[in-house]
Amino acid sequence: MARDGVSQGLVLCPFKLRLALDWRLSDWALRTPSGEPLATSASQLREPLVLGLPSTTYVLKDAYARGLAGVQLRVRASLGSGTVIEVEAPTALVRIVPPSGERVTAVQWVARVGSNEFVSQARPVEALKTQAIGPLVGMAVGRPSASERDEFFGASYAFPGALNVLEPLQAMGLGGLVDKGRVLRDIRLADLDGDGREDVISNVYRSIDANPVNCTLIAFDEGGGHYTYVRPTREDGTCLAGHGETILVADFNGDGRLDIFIPFYERFDLLLNQGGRRFVNVAIERGIDFPIYSPAPEGAAVVDINLDGNVDIVVGNEILLNVGDARFMRLVQPFGEELLFDEGLSVADVDGDGFFDIVKHHPTDGPRLFWGQPGRRTFERSELLLGMGGLLNSSFGLAVADFTGNGLLDLALSGGNSNQGNPILCLHAAPRHFDCLLQPFRPIAARQDLLLFIDNAVAQSPDLYFRSQEPQVYRVPSAARLARYRFEFEVVDRTGRRNQHGRAVRVTCATTGAPVALRAVDGGNGYMAQGRYAVSVATDKCDSVMVDVHFENVARRFGPLQSGQHRLAP
């Protein structure tokens with residue numbers, strides 16, 4: 001080894017003992033024969049993950065910090081007055097409550113091994129911020145025909161400064177969705193006719209008897225702000241009316257055309273796309289119409305939950321496994337004997353073990369997890385995350401994402417009439433261990449519902465969108481630390497069409513095979529919500545990954561893929 005042109009001999013590098021800022025390594029620029037850094041001043045003990053609320057600062061451990069053994073780990077916090085305090089960190093989530101009148105301005109890890117002390121870089125503490133972005137049109141993300149990027153389907157979509165829903169809808173050419181008193185409920189965005197433009201599916205929350213315009217509509221985008229409306233029908237020729245809930249879109253029968261599933265209180269509908277903007281309702285024929293389903297359906301998700309290449313449906317207390325050609329097998333009591341009502345249902349690999357889990361959120365008792373098991377058809381039921389029932393009031397809404405950046409998926413719950421109208425963050429501090437923060441971060445004296453995490457390509461972290469003080473929507477940027485490596489996968493068919501909704505995407509490290517993430521293309525998931533089409537994965541584990549996509553009738557492996565954007569086709 002040579003340094004400054006002088007031979008220094010061999011150095012035994014104690015990698016196992018290295019934590020952070022170890023001068024024995026960081027003082028040397030060691031490189032592999034290919035020129036890759038082997039040991040630099042970059043610390044393995046990265047700055048903490050932090051979430052700043054008005055009265056409390058929450059510090060979370062990432063996977064590296066959680067895995068440290070034989071180390072005394074503490075948080076060193078700098079206060080606004082210049083005072084420095086230290087707090088022990090025996091658990092994955094550390095709460096720092098500064099003295100009255102003080103605020104935490106920065107935090108860093110302090111690790112002690114024997115007489116040696118290692119410190120991470122300090123991380124400034126930023127409070128969560130909110131921003132009003134206009135009336136709510138639909139809790140969905142789409143790509144307008146005139147845009148090359150995804151946009152939130154709110155007023156900013158086409159009509160900044162609007163004060164009500166009608167103005168932006170009229171500006172987009174979609175005034176028919178609320179014309180003549182039509183009771184707009186949920187919205188999904190997808191290219192149903194294969195012309196490259198995203199169409200709009202909109203159900204209603206009223207019976208046809210109340211007003212003849214209360215029918216489900218499909219608005220086909222003709223370009224230039226013009227739409228053609230189609231009313232799909234049921235088997236008897238009547239329109240789809242009633243109390244509609246979360247719409248799902250996916251290619252259920254594998255013909256390359258996107259189909260539609262809509263649960264109403266009165267019955268469920270499955271519309272198979274015949275091409276030419278025609279749909280046929282096969283819910284009764286396929287045995288999934290479920291008339292007067294009880295308890296009433298609210299949330300729903302479309303995901304290939306068993307990774308067989310056929311996209312499945314989770315709704316109410318049902319898991320409907322697609323055995324091919326849009327024919328479904330009903331699992332027996334997948335959630336146990338008790339029938340559970342929810343106001344939000346999401347399917348995601350919450351704990352990162354490679355199996356899809358299910359979150360069901362009750363409006364007063366809060367969320368409960370059903371952990372996916374080997375075989376991908378059974379689920380282990382958790383206790384209520386809030387510890388006891390009855391703590392919430394009208395909490396309608398659930399969203400799931402890695403909000404804090406620690407590699408585990410966090411939950412956001414609607415505040416409803418609870419928590420001063422603020423969303424409730426349930427931080428996934430350690431695998432299968434949550435801390436739900438019943439603490440408002442902004443005084444909003446109004447009922448709050450509807451939630452959606454949207455990946456922010458600029459900030460490279462998920463933002464939380466939620467509705468409060470109707471019809472306003474607020475954007476809440478995360479203050480968490482960014483992961484080192486970020487991947488984005490756009491899953492398309494052989495012709496490049498974005499019609500792979502519900503498709504499962506499994507990501508592993510290219511060198512070690514370690515699991516990184518299991519995700520699905522969003523065709524509806526949660527509570528009347530639809531996120532970005534592209535699948536985003538952020539990780540500190542590896543800079544190169546292998547990706548398995550379970551297409552219809554074939555599983556494809558891609559990679560090794562480097563950090564960045566990738567288009568994946570069968």
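Thresholds applied
Residues numbered from 1 in each chain as written. Predicted model: local features only at pLDDT ≥ 70, side-chain atom pairs only at ≥ 80, totals over all residues. Heavy atoms only, no water. Helix = DSSP H or I, 4+ residues; strand = E, 2+ residues; numbered from the N terminus. Buried < 20%, exposed > 50% of the residue type's maximum accessible area, 1.4 Å probe, protein only. Contact = heavy atoms within 4.5 Å. Areas by Shrake-Rupley, 256 points an atom, 1.4 Å probe, with all protein chains shown as cover. Salt bridge = Lys/Arg side-chain N within 4 Å of Asp/Glu carboxyl O. Disulfide = S-S within 2.5 Å. Pairing = 2+ DSSP bridges. Axes fitted to C-alpha atoms, helices over the stretch in contact; angles between N-to-C directions. Phe/Tyr/Trp six-rings, centres within 6.5 Å; stacked < 30°, edge-to-face > 60°.

1. Digging into the overall build of the protein chain
Each helix and strand in the protein chain was counted, giving three helices and 46 strands. Residue burial in the protein chain is summarised as follows: out of 570 residues, 58% are buried. A sequence separation of at least 24 residues applies to 54% of the contacts in the protein chain between residues at least 6 apart. Carbon and sulfur atoms make up 50% of the accessible area of the protein chain, which amounts to about 23000 Å² in all.

2. Looking at the pattern of salt bridges
For the structure shown, the criterion picks out 29 salt bridges. Here glutamate 222 makes a salt bridge to arginine 277, at a shortest N to O gap of 2.7 Å. Of this pair, glutamate 222 sits in strand E17 (residues 217–223) while arginine 277 sits in the loop between strand E22 (268–275) and strand E23 (278–281), and the two are 55 residues apart along the sequence. Taking relative accessible area as the criterion, glutamate 222 reaches 32% and is therefore assigned partly exposed. What emerges from the salt-bridge pattern is a single network uniting Arg74, Arg76, Glu86, Glu88 and Arg112.

3. Remarks on the state of the cysteines
Counted by the stated rule, this structure contains three disulfides. Shown here is the disulfide that connects cysteine 215 with cysteine 239, its sulfur atoms set 2.1 Å apart. The sign of the -65° torsion about the S-S bond sets the cysteine 215-cysteine 239 disulfide as left-handed. Separated by 24 residues along the polypeptide, cysteine 215 in the loop between strand E16 (199–206) and E17 and cysteine 239 in the loop between strand E18 (226–230) and strand E19 (242–243) bring together distant segments of the chain. Take cysteine 215: its relative accessible area is 1%, and that puts it in the buried class. For cysteine 426, the disulfide goes to cysteine 436, at an S-S distance of 2.1 Å. Residues cysteine 426 and cysteine 436 share a disulfide whose torsion about the S-S bond is about 110°; that sign makes it right-handed. Here cysteine 436 lies in strand E35 (residues 433–437) and cysteine 426 lies in strand E34 (residues 424–430), a separation of 10 residues in the sequence. Of the residues examined, cysteine 426 reaches a relative accessible area of 0% and is grouped as buried. By sequence order of its bonded cysteines, the protein chain has the disulfide arrangement 1-2, 3-4, 5-6.

4. Structural notes on the sheet that holds strand E46 (residues 564–568)
Pairing is mixed across the open sheet formed by three strands, whose spatial order is E43-E39-E46. Strand pairing shows two members of the sheet lacking a second neighbour, strand E43 (535–539) and E46, which therefore form its edges. Taken over all neighbouring pairs, the strand axes of this sheet differ in orientation by 20° on average, direction set aside. Relative to E46, strand E39 (residues 485–491) runs parallel, the two being bridged by five bridges. Counterpart to glutamate 488 in the pairing with E46 is glutamine 565.

5. Considering the packing of aromatic side chains
Applying the stated rule across the entire model yields nine aromatic pairs. When the centroid spacing of 5.9 Å and the interplanar angle of 80° are considered together, the rings of tyrosine 205 and tyrosine 265 count as edge-to-face. Taken together, the positions of tyrosine 205 in strand E16 and tyrosine 265 in the loop between strand E21 (259–263) and E22 put the pair 60 residues apart, joining distant regions of the chain. Overall, tyrosine 265 belongs to the partly exposed group, its relative accessible area being 22%. Note on phenylalanine 252 and phenylalanine 328: the rings are 5.9 Å apart at their centroids and 70° apart in plane angle, and the pair reads as edge-to-face. Highlighted residues: phenylalanine 252 in the loop between strand E20 (248–250) and E21 and phenylalanine 328 in strand E27 (residues 328–330), separated in sequence by 76 residues. Like phenylalanine 328, phenylalanine 252 is buried. The rings of Phe261, Phe268, Phe290 and Tyr293 are connected pair by pair, giving a single aromatic cluster.

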